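Spelled out, the chains give:
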There are 2 protein chains.
Amino acid sequence: MEMATDAYKPRAVVLLSGGLDSTTVAADVRARGFDVYAMSFDYGQRHRFELEAAARVAAWVGAVRHEVVEIDLRAFGGSALTDDIDVPKGDALDAGEGIPVTYVPARNTVFLSFALAWAEVLGSKDIFLGVNALDYSGYPDCRPEFIRAYERMARLATKAGVEGDDELTIHAPLIDLTKAEIISLGLRHGVDYGMTTSCYDPAGDGRPCGRCDSCRLRLRGFEQAGAADPLRYQQEASR
Amino acid sequence: MEMATDAYKPRAVVLLSGGLDSTTVAADVRARGFDVYAMSFDYGQRHRFELEAAARVAAWVGAVRHEVVEIDLRAFGGSALTDDIDVPKGDALDAGEGIPVTYVPARNTVFLSFALAWAEVLGSKDIFLGVNALDYSGYPDCRPEFIRAYERMARLATKAGVEGDDELTIHAPLIDLTKAEIISLGLRHGVDYGMTTSCYDPAGDGRPCGRCDSCRLRLRGFEQAGAADPLRYQQEASR
């Protein structure tokens, strides 16, 4: 862990969705002494609240730049988060087997590739993302072995790799944490989770449903962390 | 090498720039019995001739679909192919050391990631690209070790990887061929190289300069293959 002086801060590229996990990562990266270069993706999300949340978090964390990259994964179809497939609600959370329909094909691979391009231009050796293996809900590209394989590939993909400088690191600081531990870490860094959004299916005013997998993981995490979620839900009864 | 019957053809995703190499690959993929799913990128190229060439080649090869994905690598800067840096001309070709200024950060990593997403949706296990190690001009992401590391990562990134089905292959059939051998292969497959474009700095009417690295590699390849390049150059003297 590198602590910076006032004279020089190393640059870190941080994938920032505006969700609970990536917001915690951004706060942690700042606490480690990096300058934060935040990168978000406009990939045909069904709602804009995610990008609005990402912008709030980038401003709060003092990001040097916040890039929003437009990409069109809808051309390929295949996911409830970008297509018109119904998002699953309730009961399925603990069934837990298999890959959910909310899976977006190769999403983290695509996102990390843009982060890698930006890191190379910035001279950054550190890319952070908020994937999490315990709560990963069956996404293949959230597993530790994927992250390590991506890092090995990335070191070969860039000029630094050719020049024998293989310091590039893909950091996944939340990968072994529970949702409750993630929330506790963020609260220690002063995160106001009212900035963030997690719901797969929010109301028109942005209020989370409280019933989708993502809301339920979040609510259970706050409960286990002994903290209150500052978000206002559509159905308080579901808490 | 899998040969298809009329009843079923396996699907292959082919990265198609409209250049000499990727056109040869597309012809080769068709000859191997695949249905061709061609993917090109609009990434702020300084001229549109590349995408026009890609569309000609996709039609000629009988691609089932030709996707043109818009991405904006210009946001990150760092290359003569997308920025307003002068393209180097002449003399430098055989100097050959180091990474040229025409390098685009993490380009093949980004392109392959979109190809991977599409392949997953299509149920394709085969991604082809026209990288070449002998004439690779110092691009780190054209090296065989990069391709193998990408393949290892990709097998972990997808549903198939989770389910233990690791057949996914990143094919780089030109990787050990000289430019002359590539041209000879394409000519055997009936490629009309008049469809293609290679120049980094074409005239307003699309005629190649004949002097940039890419033109010089191409012209030397045709010469060594004992064939005539059907393109008309701005300066015939340079041949």
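Because the structure is predicted, anything quoted here is derived from the model rather than measured.

With that settled, the discussion passes to the sheet that holds strand S3 (residues 65–70) of chain B. All names here are of chain B. Strand order in the open sheet made by the 5 strands is S3-S2-S1-S4-S5, with parallel pairing throughout. Of all strands in the sheet, those with a lone pairing partner are S3 and strand S5 (169–171), marking the two edges. In this sheet, adjacent strand axes meet at a mean angle of 25° when their direction is disregarded. Where helix H2 (residues 49–61) meets the sheet, its contacts fall on strand S2 (35–42) and S3, and the angle it forms with S2 comes to roughly 175°.

Turning our attention to H2 of chain B. Residue and element names in this part refer to chain B. Across its 13 residues, H2 extends 18 Å between first and last C-alpha, which sits within 8% of the 18 Å expected from 1.5 Å per residue. For H2, the complete set of buried residues consists of Glu50, Leu51, Ala53, Ala54, Val57, Ala58 and Val61. The buried side chains of H2 occupy one side of the element, clustering within an arc of 155° when seen end-on. At its buried positions, H2 is contacted by helix H1 (20–31), S2 and S3.

Our next topic: the pairing of strand S2 (residues 35–42) of chain A. All names here are of chain A. With 7 of 8 residues buried, S2 is to be regarded as a mostly interior element. In this structure, strand S1 (residues 11–15) lies alongside S2, joined through 5 bridges in parallel fashion. Within S2, the residue paired with Ala12 across the bridge is Val36. Handedness of the crossover joining S1 and S2 through helix H1 (residues 20–31): right-handed. Across 6 bridges, S2 lies against strand S3 (residues 65–70) in parallel orientation. Directly across from Asp42, in S3, lies its bridge partner Glu70.

Okay, the sheet that holds strand S5 (residues 169–171) of chain A next. Whether parallel or antiparallel, the strands of a sheet pair through hydrogen bonds between backbone atoms. All names here are of chain A. Strand order in the open sheet made by the 5 strands is S3-S2-S1-S4-S5, with parallel pairing throughout. Every other strand in the sheet has two partners, leaving S3 and S5 as the edge strands with one partner each. Here the strands of the sheet are splayed against their neighbours by 25° on average, with no regard to which way each runs. Note that S1 and strand S4 (residues 126–128) share 3 bridges and pair parallel. Pairing of Val14 across the sheet is with Phe128, part of S4. Packed onto the sheet, H1 meets S1, S2 and S4 and runs at close to 170° relative to S1.

We now examine the confidence of the model for chain A. All names here are of chain A. Here chain A averages 83 in pLDDT, and 75% of its residues register 70 or above. At the low end of the mean pLDDT range in chain A sits helix H5 (residues 159–162), at 63; at the high end sits S4, at 98. Low pLDDT, under 50, characterises residues 79–88; the stretch is placed with 35 contacts to residues that sit more than four places away or in other chains. Across residues 90–101, where pLDDT falls below 50, the model places 24 contacts with residues more than four positions away in sequence or in other chains. Per the prediction output, this complex has pTM 0.85; the corresponding ipTM is 0.83.

Scanning all chains against the criterion turns up 13 aromatic pairs over all chains. When the ring of Phe34 of chain A is compared with that of Phe128 of chain A, the centres are 5.5 Å apart and the planes differ by 70°; the resulting orientation is edge-to-face. Of this pair, Phe34 of chain A sits in the loop between H1 and S2 while Phe128 of chain A sits in strand S4; the two residues are 94 residues apart in sequence, bridging distant segments of the chain. Judged by relative accessible area, which is 6%, Phe34 of chain A ranks as buried. By the ring-pair criterion, three or more aromatic residues cluster together here, those being Phe41, Phe111 and Phe114 of chain A together with Phe41, Phe111 and Phe114 of chain B. Against the face of Trp60 of chain A rests Arg30 of chain A, its NZ or CZ located 4.5 Å from the ring centre.

All names here are of chain A. What the rule picks out here adds up to 0 disulfides over all chains. Cys209 supplies the cysteine sulfur nearest to Cys199, a cysteine that is in no disulfide, at a spacing of 3.6 Å. Residue class for Cys199 comes out buried when judged on its relative accessible area of 3%. Given a relative accessible area of 4%, Cys209 falls into the buried group.

Residues and elements named next belong to chain B. Checked against the element boundaries, Leu168 lands in the loop between helix H5 (159–162) and S5. In this structure Leu168 comes out as buried when scored by relative accessible area, which is 9%. Between the C-alpha atoms of Leu168 and Lys125, which are 43 residues apart in sequence, the distance is 4.4 Å. Sequence-distant contacts of Leu168, defined by excluding residues within four places in its chain, comprise Leu116, Ser124, Lys125, Ile127, Glu151, Ala154 and Arg155.

All names here are of chain B. The N-to-C vectors of helix H3 (residues 107–122) and helix H4 (residues 144–157) enclose an angle of 35°; their axes lie 12 Å apart at closest approach. Taken as a pair, H3 and H4 cross one another with a handedness that is right-handed. Contacts between H3 and H4 involve Asn108, Thr109, Leu112, Ser113 and Leu116 from the former and Phe146, Tyr150, Ala154 and Ala157 from the latter. Looking at the contact of H3 with H4 residue by residue, the class counts come to 6 nonpolar, 3 polar and no charged.

Taking 1.5 Å of rise per residue, the 14 residues of H4 of chain B would be expected to cover 20 Å, and the 20 Å separating its terminal C-alpha atoms lies within 8% of that figure. Residues Phe146, Ile147, Ala149, Tyr150, Glu151, Met153, Ala154 and Ala157 of chain B constitute the buried set of H4 of chain B. On its buried face, H4 of chain B sits against helix H3 (107–122) and helix H4 (144–157) of chain A together with H3 and S5 of chain B.

Our next topic: the pattern of salt bridges. All names here are of chain B. Per the counting criterion, the structure on display carries 18 salt bridges over all chains. With a closest N to O distance of 3.1 Å, Asp42 and Arg48 form a salt bridge. Taking the relative accessible area as the measure of exposure, Asp42 reaches 16% and is therefore buried. Overall, Arg48 belongs to the partly exposed group, its relative accessible area being 47%.

Definitions and limits used
- Residues numbered from 1 in each chain as written.
- Chains lettered and ligands numbered in written order.
- Predicted model: local features only at pLDDT ≥ 70, side-chain atom pairs only at ≥ 80, totals over all residues.
- Heavy atoms only, no water.
- Pairing = 2+ DSSP bridges.
- Helix = DSSP H or I, 4+ residues; strand = E, 2+ residues; numbered from the N terminus.
- Axes fitted to C-alpha atoms, helices over the stretch in contact; angles between N-to-C directions.
- Contact = heavy atoms within 4.5 Å.
- Expected span 1.5 Å × (residues − 1).
- Buried < 20%, exposed > 50% of the residue type's maximum accessible area, 1.4 Å probe, protein only.
- Arc of directions from axis to C-beta.
- Right-handed = clockwise from strand over helix to strand, strands pointing away.
- pLDDT = per-residue confidence, 0-100.
- Phe/Tyr/Trp six-rings, centres within 6.5 Å; stacked < 30°, edge-to-face > 60°.
- Lys NZ or Arg CZ within 6 Å of the ring centre and 35° of its normal.
- Disulfide = S-S within 2.5 Å.
- Left-handed = near helix turned anticlockwise from the far one by under 90°.
- Nonpolar A, V, L, I, M, F, W, Y, C, P; charged D, E, K, R; others polar.
- Salt bridge = Lys/Arg side-chain N within 4 Å of Asp/Glu carboxyl O.

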